[in-house]
Amino acid sequence: MHVTPGPSTDSPSVGDAGDALLRLRDVSIAFGGVKALDGVGLDVLPGQILGLIGPNGAGKTTLFNCITRIYQPDTGEIVWRGDDLLRIRPHHLAGLGIARTFQNLALFGGMSVFDNAMAGGTSQGRVGATSGMLAWPPARRRTNELRRRAWELLERLDLLEVAEAPAAGLPFGTLKRVELARALMARPSLLLLDEPAGGLTHSEVKDLGELIVSLRDDYGFAALLVEHHMGLVLGISDHVVALDFGQKIFEGSPEQVRDDPAVVAAYLGRAA
């Protein structure tokens, strides 16, 4: 296995490897005897945008599903802020500060844009059912805070004009921003972005890249970005990891990706 090392990032806001939010070590998983991941390791640092690339079938989605506890790795470690993430139930991840968007949008079509955003705040503390029904002060304060944050995010993402509209039927690019709003309601320390540019036009992809960087700068989260659109990945990532056939074949700066022979071969074939 050829892995090209490189600097973690050029961004001054990102810490060193000892400060990793998320750390994977020797993560492996097989399905029917086929290794989907084979000894993969990586670090995501605070404030970092880490691009995860690779051809179809490289293991990117499988890695995401291991992090989000959909899959249980056969071997290896996944550590979040020093704690074993593999002992955490999937529905507790948002409360830990991990949020995710999906390649296939997972919005509630019959609900308004505002209510879809509000749904993302359910992990931020809980108020008992009785106090909620009786509108006791803690419940009212909690609801008011969530509503204030939802309106703030909708304004930040230029969604105020469609806030009361049902999500179903809105343009695809708009729905991508709605999903971002919902994920950011959880105040994540780590945002997992699964093919956010899928289905977008060239101009929408450019706008999305600028938006992700701006949101990172404003809200201080780190992002793990799985994306086929190489222009987006190389344009906004601080650091890049490439997978092929479940193995890590490259790790380094975006500038190093274009010239790495293993990455070129994985995307274009050995003859290239």
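Calculation criteria
- Residues numbered from 1 in each chain as written.
- Predicted model: local features only at pLDDT ≥ 70, side-chain atom pairs only at ≥ 80, totals over all residues.
- Heavy atoms only, no water.
- Helix = DSSP H or I, 4+ residues; strand = E, 2+ residues; numbered from the N terminus.
- Buried < 20%, exposed > 50% of the residue type's maximum accessible area, 1.4 Å probe, protein only.
- Contact = heavy atoms within 4.5 Å.
- Areas by Shrake-Rupley, 256 points an atom, 1.4 Å probe, with all protein chains shown as cover.
- Pairing = 2+ DSSP bridges.
- Core = buried A, V, L, I, M, F, W, Y, C linked by side-chain atoms within 4.5 Å.
- Domains from an automatic or database assignment.
- 1 Å grid on protein atoms, 1.4 Å probe; cavity = no way out; pocket = protein on both sides within 12 Å on 5 of 7 lines; lining within 4 Å.
- Points joined across faces, edges and corners; volume = space filled by probe spheres on them.
- Nonpolar A, V, L, I, M, F, W, Y, C, P; charged D, E, K, R; others polar.

Turning next to the overall build of the protein chain. Assigned secondary structure in the protein chain consists of ten helices and ten strands. Sorting the 272 residues of the protein chain into buried and exposed places 50% on the buried side. In the protein chain, the share of contacts with a sequence separation of at least 24, taken over all contacts with a separation of at least 6, comes to 70%. Accessible surface, the protein chain as shown: approximately 12,800 Å² in total, 53% of it carbon and sulfur.

This part covers the sheet that holds strand 1 (residues 22–31). An order of 2-1-4-5 is seen for the four strands of this open sheet, with the pairing classed as antiparallel. Only two strands of the sheet have a single neighbouring strand rather than two, namely strand 2 (34–44) and strand 5 (83–84). Here strand 1 pairs with strand 2 via seven bridges, running antiparallel. Looking at strand 2, one finds that Val 27 is bridged to Val 40.

This brings us to the nonpolar core. In this structure, Leu 154, Leu 180 and Leu 191 are the most contacted members of the largest nonpolar core, which totals 48 residues. The leading source of residues in this core is helix 6 (residues 172–184), at six residues. Taken together, domain 1 (1–97 + 190–272) and domain 2 (112–187) each give at least three residues to this core, which thus spans both. Not counting the four nearest positions on each side in its chain, Leu 180 is found in contact with Thr 101, Leu 157, Leu 191, Leu 193, Leu 208, Leu 211 and Leu 215. Residues Ile 29, Val 40, Leu 42 and Ile 78 belong to the second largest nonpolar core, which totals 30 residues.

The next thing to look at is the layout of surface pockets. In this structure, the largest pocket occupies an estimated 550 Å³ of space. Lining the largest pocket are 20 residues, with Ala 94, Ile 98, Ala 99, Arg 100 and Phe 102 positioned closest to its centre. Considering each element in turn, the lining of the largest pocket owes the most residues, three residues, to strand 6 (residues 98–100). Split into classes, the residues belonging to the lining of the largest pocket amount to twelve nonpolar, five polar and three charged. Roughly 180 Å³ of volume is contained in the second largest pocket. Lining the second largest pocket are Arg 156, Leu 157, Asp 158, Gly 173, Thr 174, Lys 176, Arg 177, Leu 200, Glu 204, Asp 207, Leu 208 and Leu 211. At the level of secondary structure, the elements contributing two or more residues to the lining of the second largest pocket comprise helix 6 and helix 7 (202–219). Counted by class, the lining of the second largest pocket contains four nonpolar, two polar and six charged residues. Mapped onto the domain boundaries, the lining of the second largest pocket takes at least three residues apiece from domain 1 (1–97 + 190–272) and domain 2 (112–187).

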